[in-house]
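# Chains, contacts and geometry: an overview
Chain by chain, the residues:
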Amino acid sequence: MDTPETFFDFVRQQSGKLLEQTLTHTGLTFISVLIAVCIGVPAGILISRRKKLAGPVLGVTGVLQTIPSIALLGFMIPLLGIGPKPAIVALFLYALLPVVRNTYTGILGVDPNITEAATGMGMSPRQLLLKVQLPLAMPVILAGIRTATVINVGVATLAAYIAAGGLGEFIFGGIALNNTHMMLAGAIPAALLAILFDWGLSRLQHLNMRKARKTVLVLPAALLLLSSFYLLPETYSTRIKAGFTPEFMGRKDGAIGLGNVYGLHLRTLVISDMIMYKAAYEKKLDVISGSSTDGRVKAFDLVVLKDDKHIFPPYYAAPVVRQAVLEKYPELAPALDQLSGTINDSIMTELNYRVDYLKQNPQQVAKDFLVSARLWKPARNSTKGTIRIGAKIFGDGYILANMYKMLIEGYTDLNATTKTGLGGTKIVFDALVNDQIDMYPEYTGTGLLVILQAPQQTIDSIIADSKKVYDYVKKGFAEQYQLRWLQPIGFNNTYALMMRREQASRLHISSISDLATYVHHH
């Protein structure tokens, strides 16, 4: 029996990636803080001179900080795309208020008797500012910079959502996979960075007057040096840059399998499925993980690389239902099985294209298909019971959940509610096991590798036969979890690596082995 992996085992295995994420996180934090200092300190000086501007300036910067961080990052994507630019702008806006406010407060807090004495000695306004006011206000200004730095260390974890990198990659991956070790590998270093940077700035804050003058010169240089950390991973990374979803990063049939089976090690960014395909199209990523039936493969002219060593098992979709619910409502299974064998790969690709690229309502897309397949019936609006249908965050999950809702309400006296967008596999599966939902569409390959975690010998013996994989997961789910797999829908939504068609053709890459060979030689 395999020994469970400990947190320290995970850290040791991922030490290279953890170092890269820490450097990137540090760089993102201090680039934004440096820009905030360069703009915020002059702004604080200005409003200390022209006090009528103080209210509007502090009000605007205060409002910016009240915007939820994930929403602010989302607002930046249409303006600046994905990657470091929108992340840096968002972090800069969050850092601005404490820097401006503390600069303004620090200068106004200088003893008026001291400023009068300096003026009486013949100092110009410039000399008064540089030699008296700023050095005396420096502890207060540094307190603002400390606050901005600690805020940005925390908020920068969200930068991973838009492919800017950082320690948030492990945190998002851990959430998607319900992997505590992965979450802690991102959260603990982020907390330690916040403590370290706060301590370092506190030492500067408590320097005496003479040394404080030197701080005015040293601090920008130190911020610039720490900002350069963002560029360090680029210096030793491969020419090919990959973008993988959080769940793909931690799966055996994902980044782990690519390293173990193909020896493929790329510089990877964790990225949301919602923006990953467009990032490849816009040449911000070279390789992405994806689903073979995703409509954006067609929309963005991507090509699926051949899995010539077969790390991706068959991924035939089927509804997984709690056995207790099927026993309580015997009419449920026949209603759900109406969809069996009706959707092949090309049909699912077209349905996903309408939802993922054309942004059509999944409910309407689901109804259109059922009508075309002559499966749609109006809801009976009965009150015999309610079936709770879950789905992951991907487009096909939304579509299938709505199809099942319509089939249940059209073919039985049951009502149905949908709980879509539940995140990755572990989250939605745990919801099913814990009686928070009654069913959801799952894939045989995911059941085999992620949930049942079949032994490698078993995987090797059945991976090439889709029926054997289905029979294995059906039996395993029934015995271990009292869950029943109903009939497969028909399409095989396998994981895949994808590249831009033009780039793959130019580099003569048609398979994952070709990609690994190219990476090793470049």
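Everything in this summary refers to the structure shown in the same document. These figures come from a predicted structure and were not determined experimentally.

On to the side chain of threonine 444, then. Along the chain, the position of threonine 444 falls in helix 22 (residues 444-451). On the basis of relative accessibility, which here comes to 1%, the residue threonine 444 falls in the buried class. Reaching out from threonine 444, the side chain makes a polar contact with the backbone nitrogen of tyrosine 316 at a distance of 3.1 Å.

Time to look at the nonpolar core. With 73 residues, the main nonpolar core has Leu28, Ile145, Ile271, Tyr277, Ile288 and Leu302 as its most contacted residues. With 13 residues, helix 5 (residues 84-108) is the single largest residue contributor to this core. Those residues in contact with tyrosine 277 that sit more than four places away from it in its chain are Ile288, Gly290, Ser291, Asp294, Arg296, Val297, Phe300, Leu302 and Met498. Listed in part, the 64 residues of the second largest apolar core include Leu305, Ala317, Ala416 and Tyr495.

To continue, consider the packing of aromatic side chains. Across all of its chains, the model carries 17 aromatic pairs by this definition. Between phenylalanine 429 and tyrosine 481, the ring centres sit 4.9 Å apart and the planes meet at 85°, which makes this aromatic pair edge-to-face. Here phenylalanine 429, found in helix 21 (residues 425-433), pairs with tyrosine 481, found in helix 24 (residues 466-481); they are 52 residues apart in sequence, far enough to count as distant. Ring centres of phenylalanine 477 and tyrosine 481 lie 5.9 Å apart, and the angle between their planes is 65°; on these two criteria the pair is classed as edge-to-face. Taken together, the positions of phenylalanine 477 and tyrosine 481, both in helix 24 and four residues apart, correspond to about one turn of that helix. A relative accessible area of 25% places tyrosine 481 in the partly exposed class. In this structure an aromatic cluster arises from ring pairing among Phe244, Phe248, Phe312, Tyr315 and Tyr495. Across the ring face of tyrosine 353, the terminal group of lysine 298 is positioned such that the distance to the ring centre comes to 4.5 Å.

On to the pairing of strand 10 (residues 495-500), then. The buried fraction of strand 10 is high, at six of six residues. Here strand 3 (residues 287-291) runs beside strand 10; their pairing, made up of four bridges, is antiparallel. Residue pairing across strands places serine 291 opposite tyrosine 495, the latter belonging to strand 10. In this structure, strand 4 (residues 302-304) lies alongside strand 10, joined through three bridges in antiparallel fashion. Counted as the bridge partner of leucine 302 is arginine 500 from strand 10.

About the cut-offs
Residues numbered from 1 in each chain as written. Predicted model: local features only at pLDDT ≥ 70, side-chain atom pairs only at ≥ 80, totals over all residues. Heavy atoms only, no water. Helix = DSSP H or I, 4+ residues; strand = E, 2+ residues; numbered from the N terminus. Buried < 20%, exposed > 50% of the residue type's maximum accessible area, 1.4 Å probe, protein only. Polar contact = N/O pair within 3.5 Å; in protein donor to acceptor, adjacent residues only side chain to side chain. Core = buried A, V, L, I, M, F, W, Y, C linked by side-chain atoms within 4.5 Å. Contact = heavy atoms within 4.5 Å. Phe/Tyr/Trp six-rings, centres within 6.5 Å; stacked < 30°, edge-to-face > 60°. Lys NZ or Arg CZ within 6 Å of the ring centre and 35° of its normal. Pairing = 2+ DSSP bridges.

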